[in-house]
Amino acid sequence: MPRTVASKVHVPLPPREAWRLRCSFALEERIATLGKRTLTLLEEETACAGAPDEQRRRVVRCELAGDLIGGAVMGVKAKDLGSDIESTHFVHLYDEAHGAEFSVRMALRRINLTIAGRQWCLPESEASCFLCTRVYLEARLVGIGGLVEMQLERQMRASHAAFPEHAYAHRAKKCVAPQRPVARRQPSLDVVEVLPTLAEVKEEEEE
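Residues numbered from 1 in each chain as written. Predicted model: local features only at pLDDT ≥ 70, side-chain atom pairs only at ≥ 80, totals over all residues. Heavy atoms only, no water.

Looking only at helices and strands, one finds four helices and seven strands in the protein. Starting at the N terminus, the α and β elements of the protein follow one another as β-α-α-β-β-β-β-β-β-α-α. For the protein, the exposed surface amounts to about 10700 Å²; the carbon and sulfur share of it is 53%. (Helix = DSSP H or I, 4+ residues; strand = E, 2+ residues; numbered from the N terminus. Areas by Shrake-Rupley, 256 points an atom, 1.4 Å probe, with all protein chains shown as cover.)

This is the structure:
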């Protein structure tokens, strides 16, 4: 059954700084790594560069780092659970009307999963804000669709709630030891860390 997942997470950082971190690929990559996933930028385009309404579009490939499902489960291997995430965001604007948009396309077409949403920043004061997210998800998978959706919603909410902690850790790390430049193409959305493995779904079903 299709469902909408909405969250509003308090971030004790200035709105502009919170949005900068939310759009940082370095932070996105760090979060993905902690979730045992790897990211690769496939495309990146900038429109109206240098203007107040500068906008960026990215296509990022997300792959599981290793066999996290313990071998083939239900005929699906870890590499089959990869996905491409397309996103757009305004660099300097972050209100709801100018929020980031994203959608996920699974690498394996028979995994009929739809994930699409928006994210924006709601200022509370000069030093704090709320990161708001609304995600539409639907898993059209015979027998386990509802379980997949429940698992996704649970992981999405946990991911959204953890963003402030990740943001602070990332800022602290950069202040103490700036990262070395890495020769790679660069990509957005913490959505990349919420795709459940089929092993997790199977455990949910057995319970």
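Turning our attention to the environment of Val104. Relative to the helices and strands, Val104 is located in strand E5 (residues 100–106). Put simply, Val104 and Asp84 are 20 residues apart on the chain and 5.8 Å apart in space, counted from C-alpha to C-alpha.

On to the nonpolar core, then. A general trend in soluble globular proteins is that nonpolar side chains are found buried together. Residues Leu113, Ile115 and Val148 are the most contacted members of the largest nonpolar core, which totals 25 residues. With 15 residues, the next largest nonpolar core counts Val11, Tyr94, Ala100 and Ala167 among its residues. (Core = buried A, V, L, I, M, F, W, Y, C linked by side-chain atoms within 4.5 Å. Buried < 20%, exposed > 50% of the residue type's maximum accessible area, 1.4 Å probe, protein only.)

Let's shift gears to the pattern of salt bridges. On inspection of all chains with the given rule, the structure shows 15 salt bridges. Between Asp84 and Arg105 there is a salt bridge; the shortest N-O distance is 3.3 Å. In this pair, Asp84 is assigned in strand E4 (residues 83–90) and Arg105 in strand E5, connecting sequence segments 21 residues apart. According to the relative accessible area criterion, Asp84 is buried, its value standing at 12%. We note a salt bridge from Arg118 to Glu101, for which the minimum N-O separation is 2.6 Å. (Salt bridge = Lys/Arg side-chain N within 4 Å of Asp/Glu carboxyl O.)

With ten bridges connecting them, strand E2 (residues 37–47) and strand E3 (residues 55–64) associate as antiparallel partners. Along E3, the bridge assignment pairs Thr38 with Glu63. In this structure, E3 lies alongside E4, joined through eight bridges in antiparallel fashion. Counterpart to Arg56 in the pairing with E4 is His89. (Pairing = 2+ DSSP bridges.)

Before going further, it helps to spend a moment on the confidence of the model for the protein. Residues of the protein with pLDDT of at least 70 account for 76%, and the chain-wide mean is 82. This model gives residues 67–74 a pLDDT under 50, and the stretch forms 17 contacts once residues within four places in sequence are excluded. Confidence drops under pLDDT 50 across residues 176–199; counting only partners more than four residues distant or on other chains, this segment forms 69 contacts. (pLDDT = per-residue confidence, 0-100. Contact = heavy atoms within 4.5 Å.)

To continue, consider helix H2 (residues 25–34). Every α-helix carries 3.6 residues per turn, so stepping three or four residues along brings you back to the same face. Every buried residue of H2 is listed here: Phe25, Leu27, Glu28, Ile31 and Ala32. Looking down the long axis of H2, one finds its buried residues gathered within 160 degrees of arc, a one-sided arrangement. Of the residues in H2, the exposed ones pointing more than 90 degrees away from the buried face are Thr33 and Leu34. Capping of H2 at its N-terminal end is provided by Ser24; its side-chain oxygen lies 3.3 Å from the backbone amide nitrogen of Ala26. Lys36, located one to two residues past H2, shows a positive phi value of around 60 degrees. (Arc of directions from axis to C-beta. Polar contact = N/O pair within 3.5 Å; in protein donor to acceptor, adjacent residues only side chain to side chain.)

A word on the environment of Arg134. Topologically, Arg134 is positioned in strand E7 (residues 129–139). With 128 residues separating them along the chain, Arg134 and Ala6 place their C-alpha atoms 4.4 Å apart. The contacts of Arg134, once residues within four sequence positions are left out, are Thr4, Val5, Ala6, Glu96, Ala116, Gly117, Arg118 and Trp120.

Now for unusual backbone geometry. Positive phi values are uncommon outside glycine, yet Lys36 reaches one of about 60 degrees. Tracing the chain through its elements places Lys36 in the loop between H2 and E2. At Cys48, a residue that is not glycine, the phi angle is positive and equals roughly 55 degrees. One can find Cys48 in the loop between E2 and E3.

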